[in-house]
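Single-letter residue listing:
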Amino acid sequence: MTRNPRQERPAATVMKTETVPSSFRDPGGFLFYREETLLRQVNHRCRADYDQLMQSGLYEALVEDGLLIPHQEVDLAEAYSDDACRVLKPTLVPCISYPYEWSFSQLKDAALITLKIQQRALEFGMSLKDASAYNIQFLDGKAIFIDTLSFEPYRENQPWVAYRQFCQHFLAPLALMCYRDIRLGQLLRTNIDGIPLDLASTLLPLRTRFRFSLLTHLHLHARSQRRYANAAVDSSRTLKKVNVSLNGLKAIIDSLVSAIRSLQWKSGDTEWGDYYNATNYDSESMQHKKELVSAFLDQISPAPTLVQDLGANTGVFSRIAADKGMNVLSQDIDPKAVEINYQLTKRNREHNILPMLVDLTNPSPALGWAHSERMSLMQRGPVDVVMALALIHHLAISNHVPLPDLARFFSRMGQYLLIEFVPRTDSQVRRLLATREDVFEDYTQSHFENAFAHHFEQVQSQQIRGSERTLYLLRKR
Amino acid sequence: MAFSNSAFAYIDPGTGSMVLQMAVAGILAGLFYIKTAWSRIRFFFTNLFSREKDDAKPPAGETGRNSDED
């Protein structure tokens, strides 16, 4: 086990390896790429924990219930460094998303499976050592835990070490979204280790103090943190006195489950929720647009596997691509539309649509230490096909992006672009122009075609029946 | 020594969070015990009656969960 795999390998066959920047924090192991393959190294110091996970039956139980990402053990020669005692090849998650890109229910489901995993772990004599929302991804339409090295043996009378992290990553944002404003979920973007509890406590309305679960896990929790903040130097003495029985620990987890379950988002009317009723399409042109989208997607060869639907609303057109077996990132700026989209994927048991909350005028940046813990939206691309339906007028007029810039942006995002041009005469554009000075002389169909011709060649275009809009299929040059 | 310090090597759990857990556990443990006991009693009778009705087995998940506890 102590041999150095790199020394044994002939120099000529040394492959390109690269660690995944987001996994530097855990001394127990990390992710790395060997060529195109994602591997996870288990370090010697985490060996006992990992072996207990595998031998106790916990791994099998969690994988069987679809709660934990499955992996295969591969040859130790694949290891990245000498510290390795095991090398794992986890099942790949095709599309990475982050908590600030999830709808309310996506974050809620992520919270509930984290707690479910902790409950199962306790049954098998183990415990989660962290409860980061970034340990959850969506695979086949369901939330799944991806950090195989987050388990440690349960020690008698120990409290849950990840309790604070759970409250910061899940309970605080969900409570704020539910009781104050859905947009406060975006605080997760500025606070990479979850929303500080004192901040959450300040922002939450008074009535949350009359709910026992929120009173204890958020408000009193924040107060307790403040009270003991200065006791940190002397904390080892204080902590020795902290005893939580197994039954007490289970009670806390059970209370967190009830707290999370009881949080329901009852949305007010947001911008786009009833867009499909307010749109100027009559049903005939909508039907024709669907047919065209389907036909254009069929023309792409080889058949695309990954599609990014920008401004997807509740995912009507995403589902056309998904029905063809493509994985679809279904992105919209409106939390309500993303929520409805996610509810639909759950109700219909759709495996290949990932609803995401994305503001394209200010997309997710690279975050964290050295800008490399969380990838920007662009870093996670490019995709095979970008769909931009009924979107361009919002970017060109509401957000003042010139058409050549839009063309360059889209050319960086994907190989093919399925884009709808919405002319000035369209009622939606007129509505946007009604409240603005019209400085958009360049916003014409011929300018659009010229601007995009710099980066794309046109495969096909067709006017949508019963409207003045045109749908284009473009291929990157 | 109640637990090993190594548990805190990786993320900072915060002293306040630990102390609060002890307080909350004290309040909730009793209620949780009653809740668990009650669900067991309920399960016992549901099981009894459903067996009387159609001799059907309880859902696999339910049996598994109860047999694993404690």
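Along each chain, residues carry numbers from 1 onward, in the same order as the chain's sequence is written. Going through the entries in the order they are written, you letter the chains from A and number the ligands from 1. Totals for whole chains, interfaces and linings use all residues, but because this is a predicted model, local features are given only for residues with pLDDT of at least 70 and pairs of side-chain atoms are given and counted only at 80 or more. Excluding hydrogens and water, the side-chain figures rest on all heavy atoms present in the structure.

Student: Can you break down the nonpolar core residue by residue, with the values?
Tutor: Residues and elements named next belong to chain A. The biggest cluster of nonpolar side chains holds 116 residues, and the ones touching the most others in it are F151, W160, F410, I419, Y443 and F452. Labels follow the DSSP assignment, with helices taken as runs of H or I lasting at least four residues and strands as runs of E lasting at least two, numbered in each case from the N terminus. The dominant element in this core, judged by the number of residues it contributes, is helix α5 (residues 163-179), at twelve residues. If sequence neighbours within four positions are ignored, Y443 has contacts with I392, H393, A396, I397, L403, F421, V422, P423, R424 and V429. With 22 residues, the next largest nonpolar core counts I300, V307, M326 and L471 among its residues. Only buried residues count toward a nonpolar core. Its members are Ala, Val, Leu, Ile, Met, Phe, Trp, Tyr and Cys residues joined through side-chain atoms within 4.5 Å. Partly exposed residues are those whose accessible area sits between 20% and 50% of the maximum for their type, while under 20% is buried and over 50% is exposed, using a 1.4 Å probe and protein chains only. Contacts between residues were defined by any pair of non-hydrogen atoms, one from each residue, lying within 4.5 Å.

Student: So, the pairing of strand β15 (residues 456-463) of chain A: which residues are in play, and what are the values?
Tutor: Residues and elements named next belong to chain A. For two strands to be treated as a pair, DSSP must find no fewer than two bridges joining them. As paired elements, β15 and strand β16 (residues 470-476) share seven bridges and run antiparallel to each other. When the sheet's bridge partners are listed, Q463 is paired in β16 with T470. The turn linking β15 back onto β16 is made up of six residues, and G466 within it adopts a positive phi angle of 80 degrees.

Student: So what's going on with helix α14 (residues 335-347) of chain A? Which residues, and what values?
Tutor: Residues and elements named next belong to chain A. One less than the residue count of a helix, multiplied by 1.5 Å, gives the span that helix is expected to have. With 13 residues, α14 should cover 18 Å at 1.5 Å per step; its first-to-last C-alpha distance of 18 Å lies within 8% of that length. Of the residues making up α14, those classed as buried are P335, K336, A337, V338, E339, N341, Y342 and T345. Of the surrounding elements, those touching the buried residues of α14 are α4 (104-123), β7 (136-139), α13 (316-323), β11 (327-332) and β12 (353-357). R349 occupies a position one or two residues after α14 and carries a positive phi of about 50 degrees.

Student: Tell me about α13(A), and please be specific about residues and values.
Tutor: All names here are of chain A. Burial runs high along α13: six of the eight residues are buried. Looking only at α13, the buried set comprises F317, S318, R319, I320, A321 and A322. G325 sits one or two positions beyond α13 and adopts a positive phi of about 90 degrees.

Student: I'd love a proper account of the sheet that holds strand β2 (residues 29-34) of chain A, names of residues and values included.
Tutor: All names here are of chain A. Reading across the sheet, the five strands line up as β1-β2-β3-β5-β4 and stay open at both edges, with antiparallel pairing between neighbours. The open sheet terminates on both sides in strands that have one partner only, identified here as β1 (17-19) and β4 (71-74). Within the sheet, the average angular offset between the axes of one strand and its neighbour, ignoring direction, is 35 degrees. With four bridges joining them, β4 and strand β5 (residues 84-90) adopt antiparallel strand pairing. Looking at the pairing, V74 lines up with V87 of β5. Here an axis means a line fitted to C-alpha atoms, over the contact stretch when the element is a helix, while the angle between two N-to-C directions is reported on a 0 to 180 degree scale. Helix α2 (residues 47-55) rests against β3 (37-43), β4 and β5 of the sheet, and its axis sits at about 45 degrees to β5.

Student: Summarise the pairing of strand β10 (residues 306-310) of chain A; cite the residues concerned and give the values.
Tutor: All names here are of chain A. Across the five residues that make up β10, a large majority, five, are buried. What you see with β10 is no split at all: L306, Q308 and L310 on one side and V307 and D309 on the other are buried throughout. Bridge analysis of β10 against β11 gives five bridges, and the strand direction is parallel. Bridged to Q308 within β11 is L329. As for the winding sense of the linkage, the β-α-β connection from β10 through α13 to β11 is right-handed. Sheet analysis places β10 next to strand β13 (residues 383-388), joined by four bridges and oriented parallel. Bridge pairing in β13 links V307 to V385. By the criterion used throughout, a crossover qualifies as right-handed when its path from the first strand across the helix to the second strand runs clockwise, the strands pointing away from the viewer.

Student: With reference to specific residues and values, describe the pattern of salt bridges.
Tutor: Residues and elements named next belong to chain A. Within this document, salt bridges are pairs made up of a side-chain nitrogen of Lys or Arg and a carboxyl oxygen of Asp or Glu, the two lying within 4 Å of each other. If you walk through the whole model with that rule in mind, you get 21 salt bridges over all chains. The salt bridge partner of D51 is R86, with a shortest N-O separation of 3.3 Å. Of this pair, D51 sits in helix α2 while R86 sits in strand β5, and the two are 35 residues apart along the sequence. The exposure class assigned to D51 is buried, which follows from its relative accessible area of 14%. What makes R86 buried here is its relative accessible area of 16%. R380 is the partner of E101 in a salt bridge, and the nearest nitrogen-oxygen pair spans 2.7 Å. Of this pair, E101 sits in the loop between β5 and α4 while R380 sits in the loop between β12 and β13, and the two are 279 residues apart along the sequence. In terms of burial, E101 and R380 fall into one category: buried. Overlapping salt bridges, with partners in common, bring together K289, E420, D426 and R469 in one network.

Student: Quick rundown of the environment of D49(A)? Include the residues and the values.
Tutor: Residues and elements named next belong to chain A. Positionally, D49 belongs in helix α2. D49 sits in the buried class, given a relative accessible area of 16%. Separated by 77 residues in sequence, D49 and M126 place their C-alpha atoms 8.7 Å apart. Setting aside residues up to four positions removed in sequence, D49 forms contacts with M126, F151, E152 and P153.

Student: Please provide a residue-by-residue account of the packing of α4(A) against helix α10 (residues 246-262) of chain A, values included.
Tutor: Residue and element names in this part refer to chain A. Where α4 meets α10, the closest approach of the two axes is 10 Å, and the angle between their N-to-C directions is 165 degrees. Here α4 is positioned roughly antiparallel relative to α10, judged by the angle of their axes. In the packing of α4 onto α10, the handedness of the crossing is left-handed. Contacts between α4 and α10 pair K108, A111, L112, L115, Q118, Q119 and L122 from the former with L246, L249, K250, I253, D254, L256, V257, I260 and R261 from the latter. Asp, Glu, Lys and Arg are counted as charged, while Ala, Val, Leu, Ile, Met, Phe, Trp, Tyr, Cys and Pro are counted as nonpolar; the rest, among them Gly, fall into the polar class. In the contact of α4 with α10, the residues fall into ten nonpolar, two polar and four charged. Should an angle fall under 35 degrees it is called roughly parallel, over 145 degrees roughly antiparallel, and 65 to 115 degrees roughly perpendicular, with every other angle called oblique. In this scheme, a crossing is called left-handed if the near helix is turned counterclockwise away from the far one by less than a right angle; it is called right-handed if the turn is clockwise.

Student: Can you break down the side chain of S201(A) residue by residue, with the values?
Tutor: Summarising the element assignment, S201(A) is placed in helix α7 (residues 197-203). If sequence neighbours within four positions are ignored, S201(A) has contacts with R209(A), H219(A) and A222(A).

Student: So what's going on with the confidence of the model for chain B? Which residues, and what values?
Tutor: Residue and element names in this part refer to chain B. Per-residue confidence for chain B gives a mean pLDDT of 67, with 53% of residues at or over 70. pLDDT expresses, on a scale from 0 to 100, how confident the predictor is about each individual residue. Scored below 50 in pLDDT, residues 1-11 shows 31 contacts in the model against residues more than four places distant or in partner chains. Taken as a whole, residues 56-70 scores under 50 in pLDDT and shows 14 contacts with residues more than four places along the chain or in a different chain. What the predictor reports for the complex is a pTM of 0.88 with an ipTM of 0.78.

Student: Please give an account of the packing of aromatic side chains that cites residues and values.
Tutor: Residues and elements named next belong to chain A. Two aromatic rings from Phe, Tyr or Trp, using only the six-membered ring of Trp, form a pair when their centres are within 6.5 Å; if the ring planes differ by under 30 degrees the pair is stacked, by over 60 it is edge-to-face, and anything between is tilted. Under the counting rule described, the total for this entry stands at 18 aromatic pairs over all chains. With 4.6 Å between their ring centres and 40 degrees between their planes, F448 and F452 make a pair best called tilted. One end of the pair, F448, and the other, F452, are both in helix α18 (residues 445-453), four residues apart, so they sit about a helical turn from each other. By relative accessible area, F448 is classed as buried at 1%. Grouped by ring-pair contacts, the aromatic residues F409, F410, F421, Y443, F448, F452, F456 and Y472 constitute a single cluster. A cation over an aromatic ring shows up here: R374 above the ring of Y134, its NZ or CZ 3.8 Å from the ring centre. As a reminder, the over-ring test applies to NZ of lysine and CZ of arginine, requiring each to be within 6 Å of the ring centre and within 35 degrees of the ring normal.

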